[in-house]
Every structure is written in C-alpha cells, then in structure tokens.
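The lines below spell out each chain.
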Amino acid sequence: MRELADVRAAGHDHAPAPPATGLVLDVGGGHDPHPRADVVVDKYLADDFERGGSLNLSKPVVIADAQALPFADGTFSYVVASHVLEHATDPRRFAAEFARVAPRGFVQVPSRESELTFGWPFHPWLIDRDGDVLVFEPRGDQRAPTGELFHESYQSSALFRLWWAATRSTWHHSIEWEGEIQVRVAGDSAADATATLDVERTVTELRIAAERGALQPLPPALQAALCSPCCGGGLALDGEHATCGRCGTSYPVIGGVPILLEEARQPAVA
Ligand SMILES: [Zn+2]
C-alpha cells in the first residue's frame, strides 16, 4: 500500500537528525525528550505535572525560558525544538537564541492547515513555510471551525492517524537549519490562553521528584556552561543556589535542577 511507504518516508523527513558527537539540547521536550538530548529546557514544569503526571524526567532538566536560554554561546552541537516555536510571543527572539547556543538544529511547528483543522488555544500564530523560511502570521480570530472533532478523531481512530502520518507534510513544517532558523513575522500576536508560571509549585514538585530520586544530575560540562538570564554572567552552583559571577543575582537549585527564570531571581546580597 503506497500510503504505508509514505508514512515511513514522512517519519524520516519529520524527525531530528542530531550528530553522533557533541552536546544536544531539547527545548520544550519535557513530555518526550529526544533520546540524544543531554538536557531538556522547560519553563512550565509544574503545569506539566498538573496535566497528567506524564512528565518524562529521564534527562537532566533546566527550568528556563527559551527566549533567554541560560547557556554560553555555542554550548551545543545541535538543538531540537519540536512544537515549541509556535508558542513564542517573539519567534525572532526564540530563533536567535537557538542559533546563539548551537550551529544547527531541528525545528518543527504545526502548519497553518493544522492550526485551522485541529487548533490549539495556546498558539498565537498561523505558520507557513516559504522555502526554508518560517512565516508567522497572527492568528487573529481564525479558529478551527469544528472544535475538538479532529483532536478526538486522531485519538480514537488508528486509520485516521495513519492517513495523518501519510500526509504529514500537510500538518507539520520540519526544518533542519544550519547557521540560523529563518523566520519572518508579520505583526504581533498573543495566545488565547497560556500556562501560568508558579515558581512555588515548581519548587515543590522538584522537591517531591528529588525525594523520589527521579531527577538526573546535570553533566559537569553543562554545569560549566550555565549562565544567568539576568546578564549572561557565568553561574556558580552551590547547594540550593546558582549565583551569577557578574552581578551576584542568584536562582534556586532544587535537587540539582536550576530554576533560571526571571520570576525566580533573588537579588544580590549586599
Ligand atoms: Zn548577572
């Protein structure tokens, strides 16, 4: 059956191809980190716990915002960003951060067709592909007209999933980039609904995970590459704190997981 061959070919076209060597960053892959990832950056850890406890902690985690990645320039050989760029309020800034920390990587976003067929309230954009350029258009009031129908069909029907997989390029734009991700953004946009960040809950959930022995230690090479989102200064990890060597600002570290968010910063001690 030709469609089965299409499924296999599309699966290959839409999968990251990281190099065999070097450090690999997975941004936003909290539920299903790429097997080659050395670290996962996620912002809404507590929200993931809330959504069904399926957060995958098999990889070291750093809590951070993809728009201010807490790693030195060129730390990684490759960055995987699967279904994260479409959440950005500023896709240019996201893309610039990926290019700052790695020379190449993989980005995958839902297409305009996917957004208008399935639809997700936390995506502010309709995204087209023009060659290797991702073109972001504010979604405005355009919504999937059949509500949850296609999400439900995807869940309930193996044949529907097979058809979807055979026509994957209609639904996903997947780009292997080198140098930079090219993005064109036509205006500003904001999502209907976003996850809310709760630093206290993030701390609590991390403590519970640490007590269970569920957290993976950050490899020494990555500890050395950490820098602060406040000023880009190098961070020194010391017990439950990561302190910026440049400005003295510090951030909580729970069970070895640094929370390097603006919202979690503790001012320098005079
Ligand atoms: Zn600083």
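In this report, we go over the structure that sits alongside the text. (Residues numbered from 1 in each chain as written. Predicted model: local features only at pLDDT ≥ 70, side-chain atom pairs only at ≥ 80, totals over all residues.)

Note on placement: Thr-117 falls in helix α4 (residues 112-117). Assessed through the 18 C-beta atoms surrounding it within 10 Å, Thr-117 is described here as partly exposed. Placed 29 residues apart in sequence, Thr-117 and Thr-146 show a C-alpha to C-alpha distance of 7.6 Å. Once you skip the residues sitting within four places of it in the chain, Thr-117 turns out to touch Ala-144 and Phe-150. (Helix = DSSP H or I, 4+ residues; strand = E, 2+ residues; numbered from the N terminus. Buried ≥ 20, exposed ≤ 12 C-beta atoms within 10 Å, placed from the backbone. Contact = placed C-beta atoms within 7 Å.)

The next point concerns the sheet that holds strand β3 (residues 61-64). Overall, mixed pairing links the 10 strands, which are arranged β8-β5-β4-β1-β2-β3-β13-β12-β11-β10 in an open sheet. Looking at the sheet topology across the chains shown, the edges are occupied by β8 (172-178) and β10 (235-238). Ignoring strand direction, the axes of neighbouring strands in this sheet form an average angle of 20 degrees. (Pairing = 2+ DSSP bridges. Axes fitted to C-alpha atoms, helices over the stretch in contact; angles between N-to-C directions.)

Below, the discussion takes up the sheet that holds strand β9 (residues 182-185). One open sheet holds the three strands; their spatial order is β6-β7-β9, and the pairing between them is mixed. Two strands close off the open sheet at either side, each with one partner strand: β6 (125-130) and β9. The sheet shows a mean angle of 25 degrees between the axes of neighbouring strands, direction not considered. Summarising the sheet, β6 and strand β7 (residues 133-138) pair through six bridges and their orientation is antiparallel.

This part is about the environment of Pro-121. Tracing the backbone through its elements, the reader meets Pro-121 in the loop between α4 and β6. Judged by local crowding, Pro-121 falls into the exposed class, with 11 C-beta atoms found within 10 Å. Separated by 44 residues in sequence, Pro-121 and Ala-165 have C-alpha atoms that sit 23 Å apart. Among residues more than four places away in sequence, those in contact with Pro-121 are Ala-191, Asp-192 and Ala-193.

Across four bridges, the pairing between β10 and strand β11 (residues 241-244) is antiparallel. The partner of Leu-237 across the bridge, within β11, is Ala-242. The hairpin turn running from β10 into β11, its antiparallel successor, is two residues long, and Gly-239 in that turn takes a positive phi close to 60 degrees.

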